[in-house]
Every structure is written in C-alpha cells, then in structure tokens.
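Single-letter residue listing:
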Amino acid sequence: MDFLVLFLFYMALVLIGVVMICICSKTHYLKGLVRGTAQIISYIIPECLQRAMLKLLHYLFHTRNHTFILLHLVLQGMVYSEYTWEVFGYCQELEFPLHYLLLPYLLLIVNLVFFTLSCVSNPGTITKANELSFLQVYEFDKVMFSKNMKCSTCNLRKPARSKHCSVCNRCVHRFDHHCVWVNNCIGAWNARYFLLYLLTLTASAGTMAVVSTVFLVQLVVLSDLYLETYVDDLGHFQVVDIVFLIQYLFVTFPRIVFMLGFVVMLSLLLGGYLCFTLYLAATNQTTNEWYRGDRAWCQHCPHAARPPSAEPQVYRNIHSHGLWSNLREIFLPATAHYERKKN
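The structure displayed is predicted, hence computed values, not measured ones. (Residues numbered from 1 in each chain as written. Predicted model: local features only at pLDDT ≥ 70, side-chain atom pairs only at ≥ 80, totals over all residues. Heavy atoms only, no water.)

Asks: Hey, could you run me through the UniProt feature "transmembrane region" (unreviewed entry) in the chain in this one?
Replies: The sites that carry the UniProt feature "transmembrane region" (unreviewed entry) are, in the present numbering, residues 6-25, 59-80, 100-120, 194-222 and 258-282. Helix makes up 82% of residues 59-80 and strand makes up 0%, while its end C-alpha atoms are separated by 29 Å. As annotated, residues 100-120 comprises 100% helix and 0% strand, and the C-alpha atoms at either end are separated by 32 Å. (UniProt positions renumbered as here; feature names shortened; annotations may be inferred. Helix = DSSP H or I, 4+ residues; strand = E, 2+ residues; numbered from the N terminus.)

Here you go:
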C-alpha cells in the first residue's frame, strides 16, 4: 500500500511539473492536442460534468486567481520537507560539508524573493498616462507591429511589441506571456524577475538532485554493497549490478529515491525551458514574437489583394542589437531609461 501511494504521489508530481513547463512557456502547439483530447472526452464524460470541467478550466487558466501560486508553494514545501527530513540528516551523519547542504536553502530564499517580485510587480501596464512614452520606446516593424493600431478593449494606441492580455484585461508593454504560476503577465518591467526566478528554481532543483545522488552513491561505496553477491531466482550467485543497486536503494530509501526522480525530471524540464528563455533574452525576442515570427504576414494588406507572384513579407527581428545590449534591455528596460531622461 505504501508503495502504491508513493508511486501515485511521484507520478502526480511529475505530471504537475510537465504541466508547469507547458503553461509557463505558452506552447501553442499543444492546442491541437488539447482540442483533440477534448473531443474524445466529450464522448465519454456526461455533458453536466463537461460544463463543470469547462468552468473549472476557465477559472484556472482564463481568470486571475491564486490557485497555482498556492500549488507552487505546496510542492516546493513538500520537496524541501523531504530534503530536510531525510537527506539533510543522513548527509550530516556522513559528515558532508555544511555549506554544501545549505546551498539549496540559500537558493530557496533567493527564489522566493524573485517569485514574489514576479507575482506582484507591474509588468508594464499601458495606460492613458504612459501611452505616449511607450509609443516612443520601440520601432514599428510594419509586419508584426503596425503604427496607429488601437486595442479594441482598452481603446489605447498599441505600442510596438505590446499585446492585450485577456486574463489580466490590460495591454502590456513588451508582452512575453501570461504565467499562471505567478498569476501575472511577464512584460518589460518584470521579465528580469521572472528570468532570475526561473534560474534559481532550476538551480535549486538541480542542487537537491546532486546532493541526493552523491548521498546515495557514497552510501553504496561506504557499505561496499557493489562488491557483494546475491542469489537469483535460479539459485545462482550473481555479482551486484546497477539494477540490483537501484532496487536495493528503492526498498531502503523509497522517499529519497522518489524525490530524486522528481527533482531530476523537474531539473531537465526547467533546464530546457530556461535555455529557451535565455535564447529569447539573448536575441531580444519575446515568447509572443517568437511564436508569431515565422507566421507573420503583412497585416495592412489582405492575402487576397496580393498578386500571385508576390512573396509574403517575412518578419525579421529588428530589435536585436547584440548579446550584451539585449541582456541589458532585460535587466534595465528601455522604458525605464526613457522615463529617467524625461524627468
């Protein structure tokens, strides 16, 4: 029974980790899969339950709420509780360096600071008061972002690289995406907080994975378990191999092995998304622009009006000015420079 509970717990955590990456990255390619899955489910689940599920999904993903913030904190608390209760104590008995064991806690503190800043900071909301200043920050490329466009909801002129967020019901300067895990848009003014939050979250998961792995390996080495033999089902003596070692550690330390599996999976997923985010930062793109970039057409002339021989206007990134300039724009947003000069 304990094994089943632990297995289900581990699988739930892994699935939640996958969902976290998918939602944060705003991967629109998943929409087709979700749509197909919804069609299949529609034939199985009664209509009343479908309506209830749609209402729940709409509340979770299309309205601002604190559900995923609480879920984030609960998951982080569970992982750190297991690390503190099991790994930290055993590692102290094996005389691991204290600074080595305390590193995940230091990363946790820094991560929570940037997580809070990502949640509460203004992403760059466009209002009547700052509309004109935002319009002067970025050049219009006339392909993805055209001049004299108005937001039909906010009734404001749309600066280049801005987008209206339907969840927050506001236009955001240099809009990247809306992240349900911080219950906020990611825009020009909080992109640096989100990047550092993601970096420290990845580092904390990776650090706990390394500490747990080193503990288990050192335990095997100190006990000389790898030198032992065992009797197999046929009664033959066999030298201990890696499969047997994993089975032994799983039976002896099930919660540590489950936690290790989760943080390793989470480190890989977060690491992949972090690399993608760093790529966007290094090339001065947003997630919104990256997704729309390879599909952007000339928006001021309809497709039917073009001659058959005419080639579509392909979007080109005109905002990239070299690695260091692009990174400086993340940590010192261009709008901030403009406001300081204005004052």
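Asks: Quick question: what am I supposed to make of the packing of helix α4 (residues 67-93) against helix α9 (residues 254-282) here?
Replies: Each pair of packed helices can be summarised by the angle the axes make with each other and by the distance between the axes. At a closest axis distance of 10 Å, the pairing of α4 and α9 adopts a crossing angle of 125°. One element, α4, and the other, α9, form an angle in the oblique class. α9 is crossed by α4, and the crossing has left-handed handedness. Contacts between α4 and α9 involve Val-79, Glu-82, Tyr-83, Trp-85, Glu-86, Val-87 and Tyr-90 from the former and Arg-255, Ile-256, Met-259, Phe-262 and Val-263 from the latter. Residue classes in the contact of α4 with α9 are distributed as 9 nonpolar, no polar and 3 charged. (Axes fitted to C-alpha atoms, helices over the stretch in contact; angles between N-to-C directions. Parallel < 35°, antiparallel > 145°, perpendicular 65-115°, else oblique. Left-handed = near helix turned anticlockwise from the far one by under 90°. Contact = heavy atoms within 4.5 Å. Nonpolar A, V, L, I, M, F, W, Y, C, P; charged D, E, K, R; others polar.)

Asks: Teacher, can you tell me more about the packing of aromatic side chains here?
Replies: Any aromatic ring pair is given by two values, namely how distant the centres are and how the planes are angled relative to each other. As enumerated under the stated definition, the model contains 15 aromatic pairs in all. With centroids separated by 6.0 Å and ring planes inclined at 75°, the aromatic side chains of Phe-88 and Tyr-105 adopt a geometry described as edge-to-face. With Phe-88 in helix α4 and Tyr-105 in helix α5 (residues 98-120), this residue pair connects regions lying 17 residues apart in the sequence. On the basis of relative accessibility, which here comes to 13%, the residue Phe-88 falls in the buried class. (Phe/Tyr/Trp six-rings, centres within 6.5 Å; stacked < 30°, edge-to-face > 60°. Buried < 20%, exposed > 50% of the residue type's maximum accessible area, 1.4 Å probe, protein only.)

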